[in-house]
Amino acid sequence: MSDFLSLPQQAHKLLSPLIYNGDCVIDATCGNGYDCLFLARQVAPLGWVYGFDIQESAIIATQQRIEQAGLGANTQLIHAGHQFMRDHIATKNKGHIKAIMFNLGYLPGSDKKIITRSDTTLVALNSAVSLLAPSGIITILAYPGHEGGEQETIRIKNWCQQVDSTLDVKIIDSPQPKSTAPLLFVLQKN
Ligand SMILES: C[S@@+](CC[C@H](N)C(=O)[O-])C[C@H]1O[C@@H](n2cnc3c(N)ncnc32)[C@H](O)[C@@H]1O
């Protein structure tokens, strides 16, 4: 078995010890539902996952995955852009979100032209910061290798440089370093 963990696996490994039963978390890009399932398992049975995606097919795929795992009662899937996330989070949960995952780019196996866009991603990231609990964490998996992805990755790097100083920022490189390889940004509120 390979010793390398992919960046999606590293994001899960990093979050595992930090989120527990009862926590409230957000999957900002549901896609095929792998991250959402990971989050739902971590916070069940008492926690809550909000999941967002602009594609109905992603919401359906995620819903099926979550329901097959018997975790539907703890998950609220929202067919809307993550730039509107603040509008969908219950007031009592604002400022209490323990983790927010962004896995950017396009939905694997689907239309590669439907991608996250840097303008809306940055709006969503600012909302995410405003929703975080003390010691809450944001992970952002960015893919510079596809059209539009490089610009989005650069804008996220720049955003990280001027983000609220209450956040510690780390950037984790892909196990296979190439200029087009994904990057994992990790921001934790101190
Ligand atoms: C790489 S996939 C996510 C993978 C997913 N987290 C998983 O575990 O399978 C990126 C997703 O972002 C979605 N997306 C694009 N723009 C979005 C936006 N503004 N708000 C929410 N989701 C968006 C796409 O539809 C796509 O499903």
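Here is a short report on the structure shown in this document.

How each quantity is defined
- Residues numbered from 1 in each chain as written.
- Predicted model: local features only at pLDDT ≥ 70, side-chain atom pairs only at ≥ 80, totals over all residues.
- Near = placed C-beta within 6 Å.
- Nonpolar A, V, L, I, M, F, W, Y, C, P; charged D, E, K, R; others polar.
- Pairing = 2+ DSSP bridges.
- Helix = DSSP H or I, 4+ residues; strand = E, 2+ residues; numbered from the N terminus.
- Axes fitted to C-alpha atoms, helices over the stretch in contact; angles between N-to-C directions.
- Contact = placed C-beta atoms within 7 Å.

**Focus: the site of the ligand**
Contacts to the ligand come from 22 residues, most closely from Thr29, Gly31, Tyr34, Gly81 and Leu107. Of the residues belonging to the shell around the ligand, the class tally is eight nonpolar, 12 polar and two charged.

**Things to note about the sheet that holds strand β3 (residues 75-79)**
Read from one edge of the open sheet, seven strands run β3-β2-β1-β4-β5-β7-β6, paired in mixed fashion. The strands lining the two open edges of the sheet, one partner per strand, are β3 and β6 (167-173). Each strand of the sheet is rotated relative to its neighbour by a mean of 15 degrees, with strand direction disregarded. Against the sheet, helix α2 (residues 34-43) engages β1 (24-27), β2 (48-53), β3 and β4 (97-103), with an angle of about 170 degrees to β2. Seen against the sheet, helix α6 (residues 149-161) touches β5 (132-142), β6 and β7 (183-189) and runs at an angle of roughly 150 degrees to β5.

Keep in mind these values describe shape, not function.
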